[in-house]
Amino acid sequence: MQLLFPLFFFVLALIAFGLNILGIMQLIPIYITLPILFIAIHLTIYSLFNQNTYRRRRVR
């Protein structure tokens, strides 16, 4: 399950990159494609580097 989210967001980023290329060719408005690309890249990086920094100590 931990590998599924980064893979899904990576595919989403590739799709968003393709949409951004269409936006650069002025087939889709660029002000729609750029936020989608930003969010997809942000979610990809967040899901790759999200770690449990605050781990619970076991109390016996």
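Please refer to the structure higher up on the page.
Notes on the structure follow. (Residues numbered from 1 in each chain as written. Predicted model: local features only at pLDDT ≥ 70, side-chain atom pairs only at ≥ 80, totals over all residues. Heavy atoms only, no water.)

1. So, the environment of Val 11
The cut-off we apply is this: A run of H or I in DSSP becomes a helix once it reaches four residues, and a run of E becomes a strand once it reaches two; helices and strands are each numbered from the N terminus.
Mapped onto the fold, Val 11 is located in helix H1 (residues 4–24). Counting along the chain gives 33 residues from Val 11 to Thr 44, while the straight-line C-alpha distance between them is 9.1 Å.

2. Section: the packing of aromatic side chains
Any two aromatic rings considered together are summarised by their centre-to-centre distance and by the angle between their planes. What counts is decided by this rule: Only centres within 6.5 Å qualify two rings of Phe, Tyr or Trp (six-membered ring in Trp) as a pair; their planes then separate them into stacked at under 30 degrees, edge-to-face at over 60, and tilted for everything else. A 1.4 Å probe rolled over the protein chains alone gives each residue an accessible area, and that area as a share of the maximum for its type sets the label: buried under 20%, exposed over 50%, partly exposed in between.
If you walk through the whole model with that rule in mind, you get two aromatic pairs. Seen in terms of ring centroids, Phe 5 and Phe 9 are 6.3 Å apart; in terms of plane orientation they differ by 20 degrees. Their pairing is stacked. One end of the pair, Phe 5, and the other, Phe 9, are both in helix H1, four residues apart, so they sit about a helical turn from each other. Phe 9 gets classed as buried once you look at its relative accessible area, which sits at 15%. For the pair Phe 8 and Phe 9, a centre-to-centre distance of 5.5 Å together with 55 degrees between the ring planes defines the contact as tilted. In textbook terms, an aromatic cluster arises when at least three aromatic residues are bridged by ring pairs, as seen for Phe 5, Phe 8 and Phe 9.

3. Brief notes about helix H2 (residues 30–49)
Note the following rule: To estimate the expected span of a helix, subtract one from its residue number and multiply by 1.5 Å. Whether two residues are in contact is decided by their heavy atoms: any pair within 4.5 Å suffices.
For H2, which comprises 20 residues, the first-to-last C-alpha distance of 29 Å matches the rise-based estimate of 28 Å (1.5 Å per residue) to within 8%. In this structure, the buried side of H2 is in contact with H1.

4. Some details on unusual backbone geometry
Note: most peptide bonds trans; most residues except glycine with negative phi. One non-glycine residue with positive phi stands out, namely Gln 26, at about 60 degrees. Note that Gln 26 resides in the loop between H1 and H2. Taking relative accessible area as the criterion, Gln 26 reaches 72% and is therefore assigned exposed.

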